[in-house]
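Overview (structure and organization)
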Amino acid sequence: MNDEFSAQSDATVTPAELRPPLSLQRRCWELSAVRKQKEKDQAQLKQQLQETEQYLAISEQVTEALETLSGQLFEQELQMIQEKLTIALQEVLEQPLKLKAVAEWKRNAATVEFQIEREGNTEDIMRGQGGSVANILSVGLRMFALMTLDEKEHRRVLVLDEQDCWLRPDLVPRLVKIIHEAGQALGFQIIMISHHDPVMFERYADTIFQFTPSPEGVQVERVETDRQQNEST
C-alpha cells in the first residue's frame with residue numbers, strides 16, 4: 001500500500017488538470033468587467049462631486065448676480081411701462097400727467113405701486129379725473145401682462161368691457177386710437193364693449209356690432225364703418 005501511494009504521488013500533473021473549471025473562468029471575467037465599470041462610474045461621480053463643490057463655492061455670488069440682473073431687467077421694464085403709459089395719458093387726456101412706478105423687493109418678490117404726477121404733485125390714480133386715468137392705465141397694464149404669456153398656450157385676445165366709461169365722449173376716439181395702434185403693434189385681437197355712439201369707433205374698428213334691447217330680446221346689427229365704405233368703393 002505504501003509503495004502504491006508513493007507511486008501515485010510521484011506521478012506528473014498535466015496543465016489541463018491545473019486549469020479551473022470553465023464556469024469559474026467565466027465568473028471571473030464577469031467580475032472583472034463589473035469592476036472596470038464600477039471604477040469608471042466612480043471616476044464620473046468623483047468628477048461630478050468636484051464640479052458640485054466648485055458650484056457651491058460660488059453659489060452665493062451667482063445668486064446675488066442673478067438677483068441683481070433680474071432687478072435691473074425689472075427696472076428697465078418698469079421704465080418702459082412708465083414712458084409708454086405716460087404718453088397714452090397725455091395723448092388721451094391732453095394733460096401734463098406722468099406715471100410713476102415705485103418698486104419694492106420683499107422676499108425675492110417685487111411689489112409695485114403706481115402713482116401719477118401733475119407738475120410735481122402726486123395724485124391718487126383711482127380718484128384722478130373721475131376714474132379716467134385708471135381706465136387708461138388698466139388697458140396698458142393688461143397688454144403688458146399678456147405679452148409675458150407664452151403665445152403657444154395663450155392667444156393674444158383682450159376684452160375691454162366699458163373701458164371708456166369714465167371718459168368724456170370727445171375723448172373716447174383718442175383712447176380707441178391708442179388701443180388700435182397698440183393692438184396692431186403687439187399683435188392683439190381686441191374686443192371693446194362700450195355704451196358710446198358707434199360713430200366714435202368707425203375710424204379705427206375693423207368691425208362694429210350694435211346691440212339694441214327690445215321687447216323681443218336683443219337686436220344685433222352690424223354697423224358699416226367709413227373704412228369698409230372706402231374699401232367697397
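Quantities reported herein were computed from a predicted structural model and do not represent experimental measurements.

**Here we look at the nonpolar core**
Leu89, Leu93, Val133 and Leu137 are the most contacted members of the largest nonpolar core, which totals 34 residues. For this core, the leading source of residues is helix H4 (residues 132–147), giving eight residues.

**Description of helix H5 (residues 172–186)**
Across its 15 residues, H5 extends 21 Å between first and last C-alpha, which sits within 8% of the 21 Å expected from 1.5 Å per residue. Those residues of H5 that sit buried are Val172, Leu175, Val176, Ile178, Ile179, His180 and Gly183.

**Examining the side chain of Asp164**
On the secondary structure map, Asp164 appears in the loop between strand S4 (157–161) and H5. For the buried residue Asp164, which engages in no salt bridge, the nearest side chain bearing the opposite charge is Arg142, 10 Å off. Only 2.7 Å separates the side chain of Asp164 from the side chain of Ser194, close enough to count as a polar contact. Every residue in contact with Asp164, bar those within four places of it in the chain, is listed here: Val172, Leu175, Met192, Ile193, Ser194, His196 and Phe201.

**Quick look at the packing of aromatic side chains**
Two descriptors summarise a pair of aromatic rings, namely the distance from one centre to the other and the angle between the planes of the rings. With the rule as written, the count across this model stands at zero aromatic pairs. A cation sits over an aromatic face here: Arg156 above Phe188, 5.5 Å from the ring centre.

Cut-offs and rules
- Residues numbered from 1 in each chain as written.
- Predicted model: local features only at pLDDT ≥ 70, side-chain atom pairs only at ≥ 80, totals over all residues.
- Heavy atoms only, no water.
- Core = buried A, V, L, I, M, F, W, Y, C linked by side-chain atoms within 4.5 Å.
- Buried < 20%, exposed > 50% of the residue type's maximum accessible area, 1.4 Å probe, protein only.
- Helix = DSSP H or I, 4+ residues; strand = E, 2+ residues; numbered from the N terminus.
- Expected span 1.5 Å × (residues − 1).
- Lys, Arg positive; Asp, Glu negative; His and termini not counted.
- Salt bridge = Lys/Arg side-chain N within 4 Å of Asp/Glu carboxyl O.
- Polar contact = N/O pair within 3.5 Å; in protein donor to acceptor, adjacent residues only side chain to side chain.
- Contact = heavy atoms within 4.5 Å.
- Phe/Tyr/Trp six-rings, centres within 6.5 Å; stacked < 30°, edge-to-face > 60°.
- Lys NZ or Arg CZ within 6 Å of the ring centre and 35° of its normal.

Bear in mind that shape data such as this cannot, by itself, settle questions of function.
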